[in-house]
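# Observations on the model geometry
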Amino acid sequence: MFLGKVIGEVWASRKAKDLDGKRLLVVERVDGKSGGEVTPVVAADPLGADVGELVVVAFGKAARVAFGGDGDFAFEAAIVGIVDQGNVPSHDWFEGYKGGA
Amino acid sequence: MFLGKVIGEVWASRKAKDLDGKRLLVVERVDGKSGGEVTPVVAADPLGADVGELVVVAFGKAARVAFGGDGDFAFEAAIVGIVDQGNVPSHDWFEGYKGGA
Amino acid sequence: MFLGKVIGEVWASRKAKDLDGKRLLVVERVDGKSGGEVTPVVAADPLGADVGELVVVAFGKAARVAFGGDGDFAFEAAIVGIVDQGNVPSHDWFEGYKGGA
Amino acid sequence: MFLGKVIGEVWASRKAKDLDGKRLLVVERVDGKSGGEVTPVVAADPLGADVGELVVVAFGKAARVAFGGDGDFAFEAAIVGIVDQGNVPSHDWFEGYKGGA
Amino acid sequence: MFLGKVIGEVWASRKAKDLDGKRLLVVERVDGKSGGEVTPVVAADPLGADVGELVVVAFGKAARVAFGGDGDFAFEAAIVGIVDQGNVPSHDWFEGYKGGA
């Protein structure tokens with residue numbers, strides 16, 4: 001899993017059937033570098049995260065388990081948590097994060 | 001999953017049997033860096049994407065589920081959506097994307 | 001698996017059900033570069049690691065096996081070992097690590 | 001999957017039983033950067049690729065499926081296609097590739 | 001799979017039960033860059049590799065298959081081959097490797 005910030009959303013009318021009705025968020029990894037240089041990930045969202053929120057993204061089977069069912073879906077990244085609070089001492093990139101900001 | 005742009009296609013006459021009749025697209029990740037420096041991915045395409053289109057690529061079992069069947073195929077990357085529209089505010093690399101461009 | 005240092009913890013009230021009651025640690029990979037530039041990972045923790053400890057993080061099914069049960073959980077990274085001791089000759093980044101430091 | 005160029009082969013007398021009799025090729029990802037800086041991958045080869053050929057490499061279960069059988073082998077990267085031809089317009093790194101060169 | 005050089009070993013007294021009695025080697029990927037800058041991997045070792053040896057590391061289920069049994073272990077990286085010999089023409093980083101050096 002990684003920590004990411006929701007930066008947007010995409011829509012696709014031609015898509016795998018399993019993606020019907022699922023939000024596809026664009027999420028940027030949070031790290032120690034200056035922003036905007038990290039390849040974003042597209043994650044299915046069962047939790048209703050908003051742009052700007054800090055989230056935990058899981059990959060693979062975990063992402064499918066997060067949606068319930070038998071785990072056989074045509075996606076492999078999902079938002080499994082929306083971070084309210086964190087404690088990451090001495091890492092500037094986390095300082096000041098207060099949830100939803 | 002990641003956001004990519006279809007940049008081409010490859011053909012192989014010697015290949016794993018499961019790849020027979022499947023298009024193999026070359027897809028470059030979309031990110032904040034200047035183009036052309038990112039290692040491309042080869043993805044099987046069940047949706048009929050064209051060069052220049054923005055797509056969502058899924059990996060692993062998800063890629064195989066996108067083709068239906070029992071999920072046991074000799075590939076692990078597939079196009080699961082062709083992006084028509086997106087909303088990724090304040091990220092230049094996305095601005096101006098209108099689908100198929 | 002990779003070697004990481006626990007740098008913090010995050011909390012999420014909206015989350016996948018499987019994450020209830022599990023600690024979510026933020027872990028930075030240990031490597032030869034100057035710190036703070038590596039994208040951190042979020043790992044579920046069944047062992048009770050503290051901030052500053054050196055840990056071994058496993059991904060995928062292995063992470064779920066570390067928690068016992070049937071392996072179908074909505075996470076794919078977990079702490080599977082807390083390093084007490086190591087012998088990594090001629091690599092400065094490891095020198096001086098004595099456990100828990 | 002990714003596009004790679006076969007750059008060599010390795011042999012191991014002490015190895016997991018499943019690797020007996022399988023060729024282990026060293027493959028470098030093809031990308032837009034100057035060569036020689038990308039970490040190579042070791043892939044099992046059921047197709048008989050030669051040094052210098054452009055190949056499609058698959059990971060995980062897909063790699064094991066490419067060898068047939070029940071998919072439980074001690075490797076997770078295999079050559080699933082040998083590229084004869086490609087069309088990747090406006091990408092210098094692909095121009096001039098004619099198969100086997 | 002990737003080519004790596006064994007650079008050390010770590011020990012953990014608090015660990016997932018499946019890791020009991022397994023050696024945990026620290027392995028650095030072999031590539032075209034100057035050494036010491038690549039994030040090392042921790043791999044379980046069923047073959048008895050020594051520091052300085054060149055090895056093939058496999059991930060995921062493959063790593064667990066290498067240890068036999070039912071494949072449900074709390075690790076996902078293992079040494080599946082110890083390289084005796086290789087032929088990787090025109091790549092300086094491989095030249096001169098004679099096994100165990």
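All of the points below concern the structure found in this document. Just so it is clear, the model here is predicted, and its values are computed rather than measured.

The two copies are related by a screw operation: chain A maps onto chain C through 72 degrees of rotation and 0.0 Å of translation along the axis, at an RMSD of 0.0 Å. These values place the two chain copies in the arrangement generated by a five-fold rotation axis. By C-alpha distance to the rotation axis, the residue of chain A lying nearest is Gly60 of chain A, at 6.2 Å.

What follows deals with the environment of Gly8 of chain B. With respect to the helices and strands, the residue Gly8 of chain B is situated in strand E1 (residues 2-15). Using a relative accessible area of 0% as the deciding quantity, one classes Gly8 of chain B as buried. Along the sequence, Gly8 of chain B and Val27 of chain B sit 19 residues apart, while their C-alpha atoms lie 7.1 Å from each other. Beyond its immediate sequence surroundings of up to four residues, Gly8 of chain B is in contact with Leu25, Val26 and Val51 of chain B together with Asn87, Val88 and Pro89 of chain D.

Here we come to the pattern of salt bridges. A complete count under the given rule lists 25 salt bridges over all chains for this structure. The residue Lys61 of chain B makes a salt bridge to Asp72 of chain A at a minimum N-O spacing of 2.9 Å. You can see Lys61 of chain B sitting in helix H1 (residues 61-65) and its partner Asp72 of chain A sitting in the loop between helix H1 (61-65) and strand E5 (77-87), one on each of two chains. By relative accessible area, which is 35% here, Lys61 of chain B ends up partly exposed. We note a salt bridge from Asp45 of chain E to Arg23 of chain E, for which the minimum N-O separation is 3.0 Å. Residue Asp45 of chain E is located in strand E3 (residues 41-45), and its partner Arg23 of chain E is located in strand E2 (residues 23-29); the two are separated by 22 residues in the primary sequence.

In this section: the interface of chain B and chain D. The partner chain D presents 32 residues to the 30 residues of chain B that form the contact. Across the interface of chain B and chain D, roughly 2400 Å² is buried in total on both sides, 59% from carbon and sulfur atoms. It is Trp11, Arg14 and Glu76 of chain B that lose the most area in chain B upon contact with chain D, and together they represent 26% of the buried surface on that side. Between the two partners, chain B and chain D, sit two salt bridges. Residue Arg14 of chain B is joined to Glu53 of chain D by a salt bridge in which the shortest nitrogen-to-oxygen separation is 2.9 Å. Linking chain B to chain D there are 11 residue pairs in polar contact (both at pLDDT 80 or more). Its residues placed into classes, the side of chain B that touches chain D shows 17 nonpolar, four polar and nine charged. Pairing between E1 of chain B and strand E5 (residues 77-87) of chain D: six bridges, direction antiparallel. By the bridge assignment for E5 of chain D, Trp11 of chain B is matched with Gln85 of chain D.

Attention now goes to the pairing of strand E3 (residues 41-45) of chain B. All names here are of chain B. Judged by how many residues are buried, E3 sits mostly within the fold: five of five residues are covered. The alternating pattern of E3 places Val41, Ala43 and Asp45 on one face and Val42 and Ala44 on the opposite face, and all of these are buried. Examined bridge by bridge, strand E2 (residues 23-29) and E3 share five bridges and lie antiparallel to one another. Bridge pairing links Leu25 to Ala43 in E3.

Next up on the list: the environment of Gly81 of chain B. The residue Gly81 of chain B is located in strand E5 (residues 77-87) in this model. A relative accessible area of 2% places Gly81 of chain B in the buried class. Separated by 57 residues in sequence, Gly81 of chain B and Leu24 of chain B have C-alpha atoms that sit 15 Å apart. Ignoring anything within four residues of it in the chain, the contact list for Gly81 of chain B reads Ala12, Arg14 and Lys15 of chain A together with Leu47, Leu54, Val55 and Val56 of chain B.

Before going further, it helps to examine the interface of chain A and chain C. Counting residues at the interface gives 32 residues for chain A and 30 residues for chain C. Carbon and sulfur atoms supply 59% of the area buried between chain A and chain C, which totals about 2400 Å² over both sides. At the junction of chain A with chain C, the criterion picks out two salt bridges. Linking chain A with chain C are 11 residue pairs in polar contact (both at pLDDT 80 or more), by the criterion used here. Contributions of two or more residues to the side of chain A that touches chain C are made by strand E1 (2-15), strand E4 (54-59), H1 and E5 of chain A. If you tally residues by element for the side of chain A that touches chain C, the top one is E5 of chain A, at eight residues. Class assignment of the residues belonging to the side of chain A that touches chain C gives a composition of 19 nonpolar, seven polar and six charged.

The rules behind each value
Residues numbered from 1 in each chain as written. Chains lettered and ligands numbered in written order. Predicted model: local features only at pLDDT ≥ 70, side-chain atom pairs only at ≥ 80, totals over all residues. Heavy atoms only, no water. Least-squares fit on C-alpha atoms with pLDDT ≥ 70 in both. Helix = DSSP H or I, 4+ residues; strand = E, 2+ residues; numbered from the N terminus. Buried < 20%, exposed > 50% of the residue type's maximum accessible area, 1.4 Å probe, protein only. Contact = heavy atoms within 4.5 Å. Salt bridge = Lys/Arg side-chain N within 4 Å of Asp/Glu carboxyl O. Buried area = accessible area lost by both parts, 1.4 Å probe. Polar contact = N/O pair within 3.5 Å; in protein donor to acceptor, adjacent residues only side chain to side chain. Nonpolar A, V, L, I, M, F, W, Y, C, P; charged D, E, K, R; others polar. Pairing = 2+ DSSP bridges.

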